[in-house]
Amino acid sequence: MIETIAGIAIPDTALVRDITDYIRERESDLLFDHSRRVFLFGALAGERRGLDVDLELLYAGAMFHDLGLTEAFAGSTLRFEVDGANAARDFLASRGVGADRAMTVWTGIALHTTPGVPEFMSPEVALVTAGVETDVLGIWYGELSEAQRDEVTAAHPRPDFKNRILAAFTDGNVRRPETTFGNVNADVLARFVPGYHREDFVDIILNSPWSE
């Protein structure tokens with residue numbers, strides 16, 4: 001049976017069902033509900049923008065985008081975004097998804113904390129970021145109707161979401177602070193981790209081994 005939330009039909013395919021089961025087993029309620037909202041808000045943004053979107057790929061990108069924050073990747077030295085992107089690509093390949101489609105998903109996940117770039121790429125890449133920007137930052141909040149917001153959050157609630165997602169970002173990055181250089185998570189560690197020293201781009205240039 002097709003599930004429809006705020007007018008968005010969740011694709012009723014074997015791949016989407018497998019993705020849902022896989023992520024549900026590995027993520028907390030916080031991250032699972034957030035990821036589903038990212039898909040729904042991204043799909044709604046695609047409708048508003050008149051984009052032709054592969055909803056299966058958008059779903060994959062949305063659902064895997066924060067997997068790198070989970071305990072399974074606690075020992076990783078990669079950006080958490082890349083951990084999630086790699087996991088999605090491997091998952092899709094194991095289910096016969098072609099390399100080009102899997103790479104689209106990889107790109108959408110890897111770039112979702114890099115503002116100013118994804119919006120110029122394919123819809124499936126751009127809309128993962130649009131969904132994240134809506135749910136985390138509220139950037140596109142005003143473009144949603146009250147009914148749409150209410151229906152999405154009724155299906156996937158966000159109790160104390162602001163504080164809890166910041167805690168998830170902190171916990172997911174505190175062991176690999178060097179990976180936050182140049183992306184938004186440096187702000188998170190600067191706020192919540194005592195003694196964290198943010199790398200400075202200017203200092204890196206001035207202190208490089210080049211003589212001039």
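Higher on the page you've got the structure.
Conventions we followed
What you see as residue numbers is a count from 1 along each chain, following the sequence as written. Per-residue local features of the predicted model are confined to residues with pLDDT of at least 70, and side-chain atom pairs are confined, for both listing and counting, to 80 or more; whole-chain, interface and lining totals are unaffected and use all residues. Heavy atoms throughout the structure, all of them, feed into the side-chain values; hydrogens and water do not. Two rings from Phe, Tyr or Trp (for Trp, the six-membered ring) form a pair when their centres are within 6.5 Å of each other. A pair whose planes differ by under 30 degrees is stacked, one over 60 is edge-to-face, and the rest are tilted. The numbering of helices and of strands both runs from the N terminus, where a helix is a DSSP run of H or I of at least 4 residues and a strand a run of E of at least 2. The rule is simple: take the accessible area with a 1.4 Å probe, protein chains only, and divide by the maximum for that residue type; under 20% is buried, over 50% is exposed, in between is partly exposed. Like-charged residues within 9 Å of one another, or nonpolar side chains (Val, Leu, Ile, Met, Phe, Trp, Tyr) within 5 Å, are grouped into patches, provided each residue has over 30% relative accessible area and no salt bridge. Throughout, the Shrake-Rupley method with a 1.4 Å probe supplies accessible areas, and for residues the shown protein chains are the sole cover considered. One speaks of a salt bridge when a side-chain nitrogen belonging to Lys or Arg is within 4 Å of a carboxyl oxygen belonging to Asp or Glu. Where helices are involved, their axes are fitted lines through C-alpha atoms of the stretch in contact, as for all axes, and angles between N-to-C directions lie from 0 to 180°. Geometric relationships in this document are graded by angle, where less than 35 degrees denotes roughly parallel, more than 145 denotes roughly antiparallel, 65 to 115 denotes roughly perpendicular, and other angles denote oblique. Every residue pair with non-hydrogen atoms within 4.5 Å of one another is taken to be in contact. Here the expected length of a helix is defined as 1.5 Å per residue gap, with one fewer gap than residues. This arc is built from the directions going out from the helix axis to the C-beta atoms.

Asks: I tried to follow the packing of aromatic side chains on my own but got confused; where do I start?
Replies: Two aromatic rings are characterised by how far apart their centres lie and by the angle between their planes. Per the counting criterion, the structure on display carries four aromatic pairs. Residues Tyr22 and Phe91 carry aromatic rings whose centres are separated by 4.9 Å and whose planes lie at 55 degrees to one another, so their mutual orientation is tilted. Of this pair, Tyr22 sits in helix α1 (residues 14–26) while Phe91 sits in helix α4 (residues 80–94); the two residues are 69 residues apart in sequence, bridging distant segments of the chain. Classification of Tyr22 as partly exposed rests on a relative accessible area of 24%. When its relative accessible area of 4% is taken as the criterion, Phe91 is described as buried. Taking 5.3 Å as the distance between ring centres and 50 degrees as the angle between the ring planes, the aromatic pair formed by Phe64 and Phe91 counts as tilted.

Asks: For this particular structure, what's the right way to read the environment of Val184?
Replies: Within the secondary structure, Val184 is located in the loop between α8 (161–173) and α9 (185–192). Relative accessible area serves as the criterion here: at 39%, Val184 is assigned to the partly exposed category. Along the backbone, Val184 and Thr114 are 70 residues apart, and their C-alpha atoms lie at a distance of 7.7 Å.

Asks: I tried to follow unusual backbone geometry on my own but got confused; where do I start?
Replies: Working note: non-glycine residues mostly have negative phi, and peptide bonds are mostly trans. Even without glycine at this site, Ala6 takes up a positive phi of about 55 degrees. When you line up the elements, Ala6 lands in the loop between β1 (4–5) and β2 (8–9). At Asp160, a position not held by glycine, the phi torsion is positive, near 50 degrees. Structurally, the position occupied by Asp160 is in the loop between α7 (146–155) and α8.

Asks: Please clarify how a nonpolar patch on the surface should be interpreted in this entry.
Replies: A surface patch of nonpolar side chains, about 600 Å² in accessible area, is lined by Phe181, Phe201, Val202, Ile204, Ile205 and Leu206. With respect to the helices and strands, the residue Phe201 is situated in helix α10 (residues 201–206). With relative accessibility at 55%, the residue Phe201 sits in the exposed group.

Asks: How should I be thinking about the pattern of salt bridges in this particular structure?
Replies: Any two side chains of opposite charge can pair, on the condition that their charged atoms come close. Within this structure, the stated rule accounts for 13 salt bridges. Between Arg17 and Asp12 there is a salt bridge, with its nearest N and O atoms 2.7 Å apart. Given a relative accessible area of 42%, Arg17 falls into the partly exposed group. With a relative accessible area of 40%, Asp12 lands in the partly exposed category.

Asks: What exactly am I supposed to notice about the packing of α1 against helix α3 (residues 55–64) here?
Replies: Relative placement of two packed helices is described by the angle separating their axes and the distance separating the axes. With their axes 10 Å apart at the nearest point, α1 and α3 run at an angle of 5 degrees to one another. Judged by the inter-axis angle, α1 sits roughly parallel to α3. Contact residues: Leu15, Val16, Ile19, Thr20, Tyr22 and Ile23 in α1; Glu56, Tyr59, Ala60, Met63 and Phe64 in α3.

Asks: Sorry, what's going on with α1 here?
Replies: One turn of the α-helix equals 3.6 residues, which is why residues spaced by three or four share an orientation. Taking 1.5 Å per residue, 13 residues should reach 18 Å; α1 reaches 19 Å between its end C-alpha atoms and fits that length. Along α1, the residues classified as buried are Leu15, Val16, Ile19, Thr20 and Ile23. Around the axis of α1, the buried residues are gathered within 135 degrees of arc, so they sit on the same side. The inward-facing, buried residues of α1 abut α2 (29–49), α3 and α4.

Asks: I'm lost on the environment of Arg95 in this one. Help?
Replies: Along the chain, Arg95 falls in the loop between α4 and α5 (99–110). Taking the relative accessible area as the measure of exposure, Arg95 reaches 39% and is therefore partly exposed. It is 36 Å that separates the C-alpha atoms of Arg95 and Ala147, two residues lying 52 residues apart in sequence. Residues contacting Arg95, with those up to four places away along its chain left out, are Leu15 and Asp18.

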